[in-house]
Amino acid sequence: MFPQRLLNGYNNFLNGRMEKERYLYKQLGQRGQVPEIMVISCGDSRVAPEIIFDAGPGEIFVVRNIANLVPPDESEKSESTTSLHGTSAAIEYGNNALKVRHIVVLGHASCGGVRAYTDQIAPLSKSDFIGKWMSQIEPVVAKAGPKPESTEEYISWLRQIEMGVVEHSLNNLLTFPSVKERVDSGDLYLHGAYFGIASGVLYFRDSTTGKFMPCLEQDD
């Protein structure tokens, strides 16, 4: 049976937002989507870009995966060695087809994917898709240094890694030739951000210093 929670939610949408924005949805259905912003976010149910940025339909092209990771471009590899990349396909579509002007990599606090890797949590299945996917952050963890023993230091260390994953993904975006070409020409801008779930504070990555700066004077 289809989840009742979703049926109730759809009913609220149909008689609420859909009714109020019927003309907008009609236009989007007829002319297609033309978002200027693409957000690569974690699949975590607590971190929904459309809610965080109060976005309406058609405003943001959102891609979600475990730990908001961007794998490096593999277009030059042979078909026999290239993996299947849903995220890479989405990047190609957002950049080449939609011609978005901005790509934002949105990390967040308390990331389960990062914790699974740093704490060496046992695989959830024999195939261990999570472990294989998260192995991409090995250089980020190595840069952060050994895992601290105290709780306070561990939390700070974990946050450093979570923010490091954002930087790692931004660097990998530039391995896609079409992305780098548009960045170099000034047609595309890359941004890093980090969301504090408990506080709601959003951090923006300063492209010059590499530091994450909160937009509010508080922290979680």
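Residues numbered from 1 in each chain as written. Predicted model: local features only at pLDDT ≥ 70, side-chain atom pairs only at ≥ 80, totals over all residues. Heavy atoms only, no water.

As recorded in an unreviewed UniProt entry, the protein chain goes by the name carbonic anhydrase, listed as coming from Oligella ureolytica. According to its UniProt record, the protein chain has this under Sequence similarities (unreviewed entry): "Belongs to the beta-class carbonic anhydrase family." (UniProt positions renumbered as here; feature names shortened; annotations may be inferred.)

Peer 1: Got a minute to help me understand the overall build of the protein chain in this structure?
Peer 2: The number of helices and strands found in the protein chain is 10 helices and six strands. Expressed along its principal axes, the backbone C-alpha trace of the protein chain runs to roughly 55 × 45 × 40 Å. Counting all 220 residues of the protein chain, 36% fall into the buried class. Once local pairs closer than 6 in sequence are excluded, the contacts in the protein chain between residues at least 24 apart make up 64%. Total accessible area computed for the protein chain in this model is approximately 13300 Å², and 54% of it derives from carbon and sulfur atoms. (Helix = DSSP H or I, 4+ residues; strand = E, 2+ residues; numbered from the N terminus. Buried < 20%, exposed > 50% of the residue type's maximum accessible area, 1.4 Å probe, protein only. Contact = heavy atoms within 4.5 Å. Areas by Shrake-Rupley, 256 points an atom, 1.4 Å probe, with all protein chains shown as cover.)

Peer 1: How should the pattern of salt bridges be read in this particular structure?
Peer 2: Pairing is possible between side chains that carry opposite charge, provided their charged atoms lie close to one another. As enumerated under the stated definition, the model contains eight salt bridges in all. The partner of Arg 115 in a salt bridge is Asp 119, with the nearest N and O atoms 3.0 Å apart. With a shortest N-O distance of 3.7 Å, Arg 205 and Glu 167 are connected by a salt bridge. With Arg 205 in strand 5 (residues 202-205) and Glu 167 in helix 9 (residues 151-173), the pair connects residues that are 38 residues apart, well separated along the chain. (Salt bridge = Lys/Arg side-chain N within 4 Å of Asp/Glu carboxyl O.)

Peer 1: Just checking my understanding: could you explain the pairing of strand 5 for this structure?
Peer 2: Successive side chains on a regular strand alternate, one facing one side of the sheet and the next facing the other. Of the pairings in the sheet, the one linking strand 4 (residues 189-195) to strand 5 comprises three bridges and is antiparallel in character. Along strand 5, the bridge assignment pairs Tyr 194 with Tyr 203. The loop that links strand 4 with its antiparallel partner strand 5 comprises six residues; one of these, Gly 200, has a positive phi angle of about 80°. Bridging between strand 5 and strand 6 (residues 212-214) involves three bridges; their strand directions are antiparallel. Within strand 6, the position partnered with Phe 204 by the bridge is Met 213. (Pairing = 2+ DSSP bridges.)

Peer 1: Help me understand the packing of helix 5 (residues 86-97) against helix 10 (residues 177-184) in this model?
Peer 2: Geometry of a packed helix pair, given as the angle between the helix axes and the separation of the axes. At their nearest, the axes of helix 5 and helix 10 sit 10 Å apart, and the two run at 40° to each other. Considering how the two elements wind past one another, helix 5 and helix 10 form a crossing that is left-handed. Across the interface between the two elements, Ile 91, Asn 95 and Asn 96 of helix 5 pack against Ser 178, Val 179 and Arg 182 of helix 10. Classifying every residue of the contact of helix 5 with helix 10 by side-chain character gives two nonpolar, three polar and one charged. (Axes fitted to C-alpha atoms, helices over the stretch in contact; angles between N-to-C directions. Left-handed = near helix turned anticlockwise from the far one by under 90°. Nonpolar A, V, L, I, M, F, W, Y, C, P; charged D, E, K, R; others polar.)

Peer 1: Help me understand a nonpolar patch on the surface in this model?
Peer 2: Among the surface-exposed residues, Phe 2, Leu 6 and Leu 7 lie close enough to one another that they form a single nonpolar patch of about 290 Å² accessible area. The residue Leu 6 is located in helix 1 (residues 4-15) in this model. On the basis of relative accessibility, which here comes to 47%, the residue Leu 6 falls in the partly exposed class. (Patch = residues over 30% accessible without salt bridge, like charges linked within 9 Å, V, L, I, M, F, W, Y side chains within 5 Å.)

Peer 1: Sorry, what's going on with the UniProt feature "binding site: Zn(2+)" (unreviewed entry) in the protein chain here?
Peer 2: Here, UniProt's "binding site: Zn(2+)" (unreviewed entry) annotation points to Cys 42, Asp 44, His 108 and Cys 111. Across 70 residues of sequence, these annotated residues stay compact in space, with a maximum C-alpha separation of 9.0 Å. Assignment of secondary structure puts Cys 42 in strand 1 (residues 37-42). Take Cys 42: its relative accessible area is 5%, and that puts it in the buried class. Among residues more than four places away in sequence, those in contact with Cys 42 are Val 47, Arg 64, Asn 65, Ile 66, Ala 67, Asn 68, Leu 106, His 108 and Cys 111. Of note, His 108 is situated in strand 3 (residues 102-108). Filtering out sequence-adjacent residues up to four positions away, His 108 remains in contact with Cys 42, Asp 44, Arg 46, Val 47, Asn 68, Glu 162, Tyr 194, Phe 195 and Ile 197.

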